[in-house]
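Examination of the molecular architecture
In case you want the letters, here they are:
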Amino acid sequence: MKVHLIRSEEYSKESFKELVLFLHQSKGPCEFITPNETISWLDEELNEIKWTDDEIQRKEAYPRVMDVQECRCRREKSKEVSWPGIFSKTKKVRKAKSINEKELVIIITDHANEHNWFSAGDPRGEKDFFVQSSFWELYVDGPPQYAVAYEVASIVLQSQLFRSYKNMADYAHKKPRGCMNDLCQDKPEISMKLRTADLCKVCMALIKKRKID
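Residues numbered from 1 in each chain as written. Predicted model: local features only at pLDDT ≥ 70, side-chain atom pairs only at ≥ 80, totals over all residues. Heavy atoms only, no water.

1. What to know about the overall build of the protein chain
Cut-off, in case you're wondering: A run of DSSP states H or I qualifies as a helix once it reaches four residues; a run of E qualifies as a strand once it reaches two. Both are numbered from the N-terminal end. Classification of residues uses two cut-offs on accessible area relative to the type maximum, computed with a 1.4 Å probe and protein chains only: under 20% is buried, over 50% is exposed, and between them is partly exposed. Whether two residues are in contact is decided by their heavy atoms, any of which lying within 4.5 Å being enough.
A count of helices and strands for the protein chain gives 8 helices and 9 strands. Burial status across the protein chain gives 49% buried among its 213 residues. Considering only contacts in the protein chain between residues 6 or more positions apart, those separated by 24 or more positions represent 72%.

2. Points about the pairing of strand β1 (residues 2–8)
To keep it simple, the criterion reads: One requirement defines pairing of two strands: DSSP has to find at least two bridges between them. Seen with the strands pointing away from the viewer, any crossover whose path from the first strand over the helix to the second strand runs clockwise is right-handed.
Counted residue by residue, β1 has 6 buried out of 7 residues, so it is predominantly covered. Strand direction decides the pairing type here: β1 and strand β2 (residues 31–33), joined by 3 bridges, are parallel. When the sheet's bridge partners are listed, valine 3 is paired in β2 with phenylalanine 32. Read as a crossover between parallel neighbours, the route from β1 over helix α1 (residues 13–24) to β2 is right-handed. Bridging between β1 and strand β6 (residues 104–109) involves 5 bridges; their strand directions are parallel.

3. Focus: the state of the cysteines
Simply put, the disulfide is a covalent bond whose two ends are the sulfur atoms of two cysteines. Counted only if it meets this: Here, two cysteine sulfur atoms that lie within 2.5 Å of each other are counted as a disulfide.
A full pass over the atoms with the stated rule returns 0 disulfides. Here cysteine 184 stays unpaired: no disulfide links it, and the sulfur of cysteine 179, its closest cysteine neighbor, is 9.8 Å away. Residue cysteine 203 stays outside any disulfide, its sulfur separated by 3.6 Å from that of cysteine 200, the closest cysteine. Under the relative-accessibility criterion, cysteine 203 is labelled buried at 1%.

4. Some words on the sheet that holds strand β4 (residues 47–48)
Taken together, the 3 strands give an open sheet; going across it, the order is β4-β5-β7, and neighbouring strands pair in mixed fashion. A strand with exactly one partner marks an edge of an open sheet, and here the two such strands are β4 and β7 (112–113). The pairing of strand β5 (residues 79–81) with β7 spans 2 bridges and is classified as parallel. The residue bridging valine 81 from the neighbouring strand is asparagine 113, located in β7.

5. Focus: the pattern of salt bridges
Definition in use: Salt bridge criterion: a side-chain nitrogen from Lys or Arg within 4 Å of a carboxyl oxygen from Asp or Glu.
Across all of its chains, the model carries 7 salt bridges by this definition. Across the pair lysine 91 and aspartate 122 runs a salt bridge, and its minimum N-O distance is 2.9 Å. In this pair, lysine 91 sits in helix α4 (residues 83–96) while aspartate 122 sits in the loop between β8 (119–121) and β9 (128–132), placing the two residues 31 residues apart along the sequence. Note on lysine 91: relative accessible area 25%, which makes it partly exposed.

6. With respect to the nonpolar core
Definition in use: In this text, buried Ala, Val, Leu, Ile, Met, Phe, Trp, Tyr and Cys residues form a nonpolar core when linked through side-chain atoms within 4.5 Å.
In terms of nonpolar packing, the biggest core is built from 51 residues, with Leu5, Ile106, Ile108, Trp136 and Val152 touching the most fellow members. It is helix α5 (residues 144–161) that contributes the most residues to this core, 9 residues altogether. Non-local contacts of leucine 5, meaning those with residues more than four positions away in its chain, are made with Phe16, Val20, Leu23, Phe32, Ile33, Thr34, Pro35, Ile106 and Val152.

7. A few points about the packing of aromatic side chains
Worth spelling out the cut-off: Aromatic contacts are taken between Phe, Tyr and Trp rings whose centres are within 6.5 Å, Trp giving its six-membered ring; a plane angle under 30 degrees counts as stacked, one over 60 as edge-to-face, and the others as tilted.
Per the counting criterion, the structure on display carries 11 aromatic pairs. Ring centres of tyrosine 11 and phenylalanine 16 lie 6.3 Å apart, and the angle between their planes is 85°; this geometry places the pair in the edge-to-face category. Summarising the burial analysis for this pair, tyrosine 11 and phenylalanine 16 share the class buried. Relative to tyrosine 165, the ring of tryptophan 117 lies with its centre 5.8 Å away and its plane at 85°, an arrangement referred to as edge-to-face.

8. Thoughts on α5
The cut-off we apply is this: Helix span, expected: 1.5 Å multiplied by one less than the number of residues in the helix.
Between its first and last C-alpha atoms α5 spans 26 Å; for 18 residues at 1.5 Å apiece the expected length is 26 Å, and the two agree. Burial of α5 is extensive: 14 of the 18 residues sit out of reach of the surface.

Here it is in structure tokens:
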């Protein structure tokens, strides 16, 4: 499987290089490709936000993001991008590089996103994704590249395992159990699944049932 990793311009070249080198250490069915392409943002594509303590600790639940029309900006101060804005960038990269629709395109960006998720895919079900590379110091100790790499790995597996956000929601664990499919709506809960790096018995059975490599 080919996975195209795209650097957003505000994410440092050094951090991106460390991330890619780390991912390349793992041998498996994924081929990580880094096109000579970066994503840039116009001023009008960035929204000012001001995080409250509660907002930065929580992400919006699945029902809000199942409907593409619900994607809109609400916060003030700092920098935030909309989901439609992010996925319009992946579409441009995919077209410019003639990337097959079955191959994954993942943007790594320091910008926050309107639903405050660590990572997400296009709600329309296409294989376009993003990972937020900032704010990890609020949730985990150690280099953030490892957490970003975990999100990339999660995207790859979940893109094969689930066909839609609704399908993913059916199997997401609202109460964390140290599994990759923990919802972690309270964002600090992600530290548990990062430490365990595990998949629960229910999700392993689903992987076997759906014959995921």
